[in-house]
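In case you want the letters, here they are:
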Amino acid sequence: MALQEPVLTKRIPTPPFGDFSQRKLNSYEDFVATGGYVALKKAIDMQPSEIIDIMKASELRGRGGAGFPAGVKWSFLPPQDGKPRYLAVNSDESEPGTFKDRMLLDFDPHILLEGIAICMRACQLDTTYIYIRGEYHHQAKVLNAAIDEAYANNIFGPNSIMGKINDREPRCFVHRGAGAYICGEETALLNSLEGKRGWPRIKPPFPAVAGAFGRPTIINNVETLAMCGPIIDKGVDWFKSMGVARPQGAPAHVPASYGPKLIGVSGHVNRPGVYEENLGITVREMIEKYCGGMRNGKKFKSAVPGGIAMGVLGTDQIDAPLDFDIGKKFGCLGLGTAGVIVMDEDTDMVAVARNIVRFFSHESCGQCTPCREGSNWVYKTLCRIEEGNGTTADLDLLLEVSGSQGAMPGTTICGLADGTNWAIKTILNKFWDDFESRVSVSTVAGYSLPVLA
Amino acid sequence: MAWITKNSGTMAIETREEPYLDDELKAEIEANIIPRYPDRRAATLPTLHAVQHKVGWLPTQALKEIADFLGSAPSEVMDTATFYEEYWLKPKGKYVIWLCQSISCELMGRDTIMSKIKAKLNIEPGETTEDGKFTLMNVECLGSCGTAPCGLVNEKLHENMTVDNIDQILDSLE
């Protein structure tokens with residue numbers, strides 16, 4: 001069932017409920033006039049544990065890529081011990097194909113601030129750092145202005161309507177990154193927040209126990225927090241009436257995909273953009289209903305379901321529903337951030353693979369050798385194939401590297417190497433012919449490597 | 001590439017009398033940035049941003065001054081500054097053109113735009129024009145995939161770039 005009324009895009013005109021050209025920045029007054037901060041007032045009347053129970057019951061899954069249930073994450077915090085506790089908001093949106101949080105920050109920053117305030121109250125966190133990527137210059141300014149408005153209207157600060165949290169005044173700051181994709185990994189984000197290089201940390205300890213500055217820290221994506229207000233305001237049943245329910249009779253640990261989701265569509269479509277739809281909408285519906293069909297009337301070839309680390313969908317998988325189960329059913333890593341990149345029939349999948357691996361090779365933080373070296377060699381191999389100098393042995397090697405746990409995947413601290421290999425593996429498996437037609441048959445004698453740059 | 005480090009240990013550091021991190025900037029950071037964090041080192045990124053905003057890039061002397069100011073070792077500040085792509089450890093042009101090269105932009109034809117810019121400015125990515133006006137960079141995803149191809153000129157984002165409007169964009173820069 002399609003989304004009945006806009007939730008996160010309530011104040012951001014989006015087809016079919018509005019027009020892109022009508023979008024404008026919503027100030028504090030605009031936000032309050034359209035029902036903003038009502039949920040925060042409701043949350044203030046509740047016990048913190050009640051808020052966490054509501055979030056748990058809603059089964060809201062993290063919108064930042066991993067899909068971990070937000071309420072469960074919130075309940076991991078140890079009891080208060082009188083020292084500071086932090087909220088780090090992940091706004092380091094850097095994965096190619098993902099541009100949904102930008103829209104919220106551009107036009108409706110207070111929906112995020114309300115979610116932040118609710119999370120601070122629920123988890124008793126006294127200080128929030130919004131880690132925004134360095135390239136979002138405009139968004140950082142908008143966010144800073146919105147935070148000033150929130151302080152002036154006592155959402156945060158010494159006279160906050162939330163009173164003291166964890167015996168301290170609730171505070172909220174923007175922390176700008178400086179151009180490093182890896183800082184979107186939660187523990188790398190914490191290191192970057194502490195003024196260090198953005199190297200992911202080994203877990204455990206998990207951030208909920210020892211995060212920023214060694215203190216308990218909750219890290220949530222912008223969209224996840226933005227969804228908290230509507231859930232507190234309208235309730236769990238309302239939220240669960242949208243999206244995809246757990247299959248009948250399935251046990252509780254089987255993931256369900258409730259609620260609406262921001263879906264950013266880019267690539268070869270007529271009207272790319274960020275749209276809001278219930279989880280479970282198919283790629284075909286997104287393209288046809290929202291994006292005005294394929295560009296130039298071309299045929300669909302492939303799509304990335306949610307950020308390039310998730311891999312790709314095959315030509316025959318256009319009817320794949322975008323929900324948290326997409327990975328298992330359609331042979332990719334998962335839903336990710338629902339940043340859909342659509343590719344038409346003229347797309348060269350070898351070039352796509354080369355571009356994707358170049359991204360990961362460039363953005364590898366360099367901490368773990370398999371990722372740092374491996375991604376670079378895979379990139380060089382793909383360049384060689386693209387240039388027409390590849391052999392069938394290269395393809396076998398790529399499949400072997402990307403498909404075996406313990407080669408590159410599974411040997412690194414964070415998931416970047418896994419993402420790289422999911423991308424290679426799915427493109428190779430689903431578009432084998434594209435690759436095979438580009439390589440020559442390798443013979444032992446004829447197997448030579450061109451000099452690599 | 002964030003992990004490539006430079007062998008600057010044996011090089012003499014150029015210094016100047018006047019500090020890059022002057023008293024005014026120090027006072028501003030002390031008042032507005034430092035109180036946000038439980039320790040001073042956490043202010044490294046904002047301080048690097050502030051100095052770079054004022055100076056245009058980050059000379060080694062400035063890194064040392066930041067280290068003294070924040071109570072870190074110079075090597076720690078260097079470590080952080082070299083990791084992030086946005087920090088400039090050598091002078092850059094007045095306008096830095098960051099053209100996105102990630103998948104959505106490549107699908108939408110960023111290569112033709114890059115060729116056009118290269119021909120117009122007569123430089124390769126990573127280089128600065130002789131008059132010091134433009135520096136051209138390839139950059140990974142700018143988070144504006146719906147309006148690809150896109151690029152940043154300093155802090156301003158240009159969306160839906162075409163080979164036609166790139167002339168306009170470049171010509172409008174003084």
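Caption draft 1: Molecular detail of the overall build of chain A. What chain A contains, in helices and strands, is 17 helices and 10 strands. By principal-axis analysis of the C-alpha atoms, chain A measures approximately 80 × 45 × 45 Å. Taken over 453 residues, chain A has a buried fraction of 56%. Look at the contacts in chain A between residues 6 or more apart in sequence, and 71% of them connect residues 24 or more apart.

Caption draft 2: Up close: the domain arrangement of chain A. Residue and element names in this part refer to chain A. Looking at the assigned domains, one finds that chain A contains domain 1 (20–243), domain 2 (259–344) and domain 3 (349–436). The centre of domain 1, based on its C-alpha atoms, is set 26 Å off from the matching centre of domain 2. With 19 residues of domain 1 at the interface, the matching set in domain 2 holds 23 residues. Taken together, the residues that form the side of domain 1 that touches domain 2 break down as 8 nonpolar, 6 polar and 5 charged.

Caption draft 3: Structural view of the sheet that holds strand 7 (residues 260–267) of chain A. Residues and elements named next belong to chain A. Overall, mixed pairing links the 4 strands, which are arranged 8-7-10-9 in an open sheet. The open sheet has two free edges, formed respectively by strand 8 (273–278) and strand 9 (300–304), since each of these has just one partner strand. Ignoring strand direction, the axes of neighbouring strands in this sheet form an average angle of 30°. Bridging between strand 9 and strand 10 (residues 339–344) involves 4 bridges; their strand directions are antiparallel. Across the sheet, S302 pairs through a bridge with M343, a residue of strand 10.

Caption draft 4: Representation of the nonpolar core in the model. Core analysis: the largest hydrophobic core is formed by 181 residues, its most contacted members being A:A88, A:I116, A:I118, A:C119, A:V340 and B:I66. Dropping the residues within four chain positions of it, A:C119 is found in contact with A:L87, A:L125, A:I218, A:N220, A:L225 and A:C228.

Caption draft 5: Representation of the sheet that holds strand 2 (residues 127–132) of chain A. Residues and elements named next belong to chain A. The sheet built from 4 strands is open, its strands ordered 3-2-1-4 with parallel pairing. One side of each edge strand has no neighbouring strand; the edge strands of this open sheet are strand 3 (171–176) and strand 4 (217–221). Averaged over all adjacent pairs, the angle separating strand axes in this sheet is 20°, with direction ignored. Here 6 bridges tie strand 2 to strand 3, and the two strands are oriented parallel to one another. Pairing of I132 across the sheet is with R176, part of strand 3.

Scoring rules and cut-offs
Residues numbered from 1 in each chain as written. Chains lettered and ligands numbered in written order. Predicted model: local features only at pLDDT ≥ 70, side-chain atom pairs only at ≥ 80, totals over all residues. Helix = DSSP H or I, 4+ residues; strand = E, 2+ residues; numbered from the N terminus. Buried ≥ 20, exposed ≤ 12 C-beta atoms within 10 Å, placed from the backbone. Contact = placed C-beta atoms within 7 Å. Domains from an automatic or database assignment. Nonpolar A, V, L, I, M, F, W, Y, C, P; charged D, E, K, R; others polar. Pairing = 2+ DSSP bridges. Axes fitted to C-alpha atoms, helices over the stretch in contact; angles between N-to-C directions. Core = buried A, V, L, I, M, F, W, Y, C linked by C-beta atoms within 7 Å.

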